[in-house]
Number of protein chains: 2
Amino acid sequence: MSDIIEVKAGIEAENDKFAADVRKLLRNTHTRLINLMASPGAGKTSLLEQTIDGLKGAYKIAVLEADVDADVDAKRIEAHGAKAVQIHTGGSCHMDASMTLQALQTLDLNEYDLIFLENVGNLVCPAEFDVGADLKVMILSVPEGDDKPLKYPLMFQVTDCILVNKIDTDEIFDFDLQKLQKNVAPLNPKAQIIPISAFTGSGVENWIVYLREKLLAWNYSCH
Amino acid sequence: MSDIIEVKAGIEAENDKFAADVRKLLRNTHTRLINLMASPGAGKTSLLEQTIDGLKGAYKIAVLEADVDADVDAKRIEAHGAKAVQIHTGGSCHMDASMTLQALQTLDLNEYDLIFLENVGNLVCPAEFDVGADLKVMILSVPEGDDKPLKYPLMFQVTDCILVNKIDTDEIFDFDLQKLQKNVAPLNPKAQIIPISAFTGSGVENWIVYLREKLLAWNYSCH
């Protein structure tokens, strides 16, 4: 049974202070935090299931499952052998740094190398809040369309990595990966774009390689 | 060329007052307002294109296109012969009643029978704001999954009608319409659920019939 915790939004002007507190807390235990953002139903939980399986044995993982309500995702995560903390955001459509700090403080961080925050399904507000993560990853799912960077530019600007999920359905939805790359380039030329299918498993190994390289680089960097 | 207007969010506590102002403004000209809500990429604009075509000749239609940025949707709407007003929400992830009022005031409402507000792509915050609409319609697209009512309950509670779009892909995504109905029932037993494909056109006629019945009922009711 996963823990369920209720968190309260912090004062927006103080978000950077709380983000610094999150970083300090994580540095003390050499724990890394990844902020995973996407629209509802883009495949965040499925991706995490595949990621936990892909890193199994190498890293101790916990997942903060942020939702307005429900705990279905936490149960799915725990079935894959990772610790899950279900966060109820009290109606908030995003996680801020204060909420993230409240959730992290429920864990003994010495026990975990890597923590994923599965943010609330939303392409707008989560992009505005630094939660103190080491890496920002977003999922764009193919059925949403290759024009989404034009409509939700901030999310595509702030992310380090864009996982293009459900890529096995690109022909059905007339999704053009090159058009997506062209739409992302002016916003974020450094963004890593990795097509995957969390359903068929196609491309997931590229994501795991990218993630392992990040984790190794972090381990060799100064804490 | 569509108009582009920048709107500013109102004070949240005053939203009901602004919603009443919207209703008063619309009643004076016998104009109806439909608030269309959905996740990014669920098919709001495609549905509106089909709807404008389906009602052509019978009703004079305008569309308020709310986006954080961009005007791609407004251009698509105008190509179908309806008036489009592109609203930039200044970073806001939803429309409130004050913003809706600002947008409506740019139109001569005597010229329109029916106005669609294409809300910002988001399943959380738009559900919290009464914008003064006569009808709330949401789109859930099949790739998002039949479990979404569990995770975004407020949206499924407040809506009058749920259009289940991209229904032609239900087998690919293992989407169970009965499971969706079962998930919606405890939240909103009166919700009308209509499966459609804005891409193939399948089921759209059922939505048009539903809408025409609403419009007729409104015309016969007291203003």
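Okay, so let's go over this structure. (Residues numbered from 1 in each chain as written. Chains lettered and ligands numbered in written order. Predicted model: local features only at pLDDT ≥ 70, side-chain atom pairs only at ≥ 80, totals over all residues. Heavy atoms only, no water.)

1. Looking at the pattern of salt bridges
Here's step 1: Applying the stated criterion to the full structure yields 20 salt bridges over all chains.
Here's step 2: For D67 of chain A, the salt bridge is made with K151 of chain B, and the minimal N-O distance between the two is 3.6 Å. Of this pair, D67 of chain A sits in strand β3 (residues 61–67) while K151 of chain B sits in helix α5 (residues 148–151), on two different chains. As far as the burial class goes, D67 of chain A and K151 of chain B line up, both buried.
Here's step 3: By sharing partners, the salt bridges in this structure join R27, R32 and D134 of chain A into a single network. (Salt bridge = Lys/Arg side-chain N within 4 Å of Asp/Glu carboxyl O. Helix = DSSP H or I, 4+ residues; strand = E, 2+ residues; numbered from the N terminus. Buried < 20%, exposed > 50% of the residue type's maximum accessible area, 1.4 Å probe, protein only.)

2. A word on the environment of T45 of chain B
Residue and element names in this part refer to chain B.
Here's step 1: Inspection of the secondary structure assignment puts T45 in helix α2 (residues 44–55).
Here's step 2: Judged by relative accessible area, T45 falls into the buried class, the value being 5%.
Here's step 3: Linking T45 and D170, residues 125 residues apart in sequence, is a C-alpha distance of 20 Å.
Here's step 4: Beyond its immediate sequence surroundings of up to four residues, T45 is in contact with E65, D73, R76, I77 and E118. (Contact = heavy atoms within 4.5 Å.)

3. Focus: the pairing of β3 of chain A
All names here are of chain A.
Here's step 1: For β3, the buried fraction is high: 7 of the 7 residues fall into the buried class.
Here's step 2: Residues of β3 alternate between two faces, with I61, V63, E65 and D67 on one and A62, L64 and A66 on the opposite face, all of them buried.
Here's step 3: Of the pairings in the sheet, the one linking β3 to strand β5 (residues 114–118) comprises 5 bridges and is parallel in character. For V63, the partnering residue across the bridge sits in β5 and is F116.
Here's step 4: As judged from the 6 bridges shared by β3 and strand β4 (residues 83–88), these two strands associate in the parallel manner. Residue pairing in the sheet places A62 in a bridge with K83 of β4.
Here's step 5: Assessed by its sense of winding, the connection that carries the chain from β3 through helix α3 (residues 72–79) to β4 is right-handed. (Pairing = 2+ DSSP bridges. Right-handed = clockwise from strand over helix to strand, strands pointing away.)

4. What about the packing of aromatic side chains?
Here's step 1: Under the criterion given, the structure shown has 3 aromatic pairs over all chains.
Here's step 2: Between F173 of chain A and F173 of chain B the ring centres are 6.1 Å apart and the planes differ by 40 degrees, which places this aromatic pair in the tilted class. Taken as a pair, F173 of chain A in the loop between β7 (161–165) and α7 (177–184) and F173 of chain B in the loop between β7 (161–165) and α7 (177–184) lie in two separate chains rather than in one.
Here's step 3: Above the ring of F18 of chain A, the side-chain terminus of K17 of chain A is found at 4.3 Å from the ring centroid. (Phe/Tyr/Trp six-rings, centres within 6.5 Å; stacked < 30°, edge-to-face > 60°. Lys NZ or Arg CZ within 6 Å of the ring centre and 35° of its normal.)

5. Notes on the sheet that holds strand β1 (residues 3–6) of chain A
Residues and elements named next belong to chain A.
Here's step 1: Taken in spatial order, the 8 strands line up as β1-β4-β3-β5-β2-β6-β7-β8 in an open sheet, and their pairing is parallel. Two strands bound the open sheet, and with one partner strand each, they are β1 and β8 (192–195). Pairwise comparison of adjacent strand axes, ignoring direction, gives a mean angle of 20 degrees for this sheet.
Here's step 2: Of the strand pairs in this sheet, strand β2 (residues 32–38) and strand β6 (residues 135–141) are connected by 5 bridges, and their pairing is parallel. Bridge pairing links N35 to K136 in β6.
Here's step 3: Contacting β6, β7 and β8, α7 crosses the sheet at an angle of about 160 degrees to β8. (Axes fitted to C-alpha atoms, helices over the stretch in contact; angles between N-to-C directions.)

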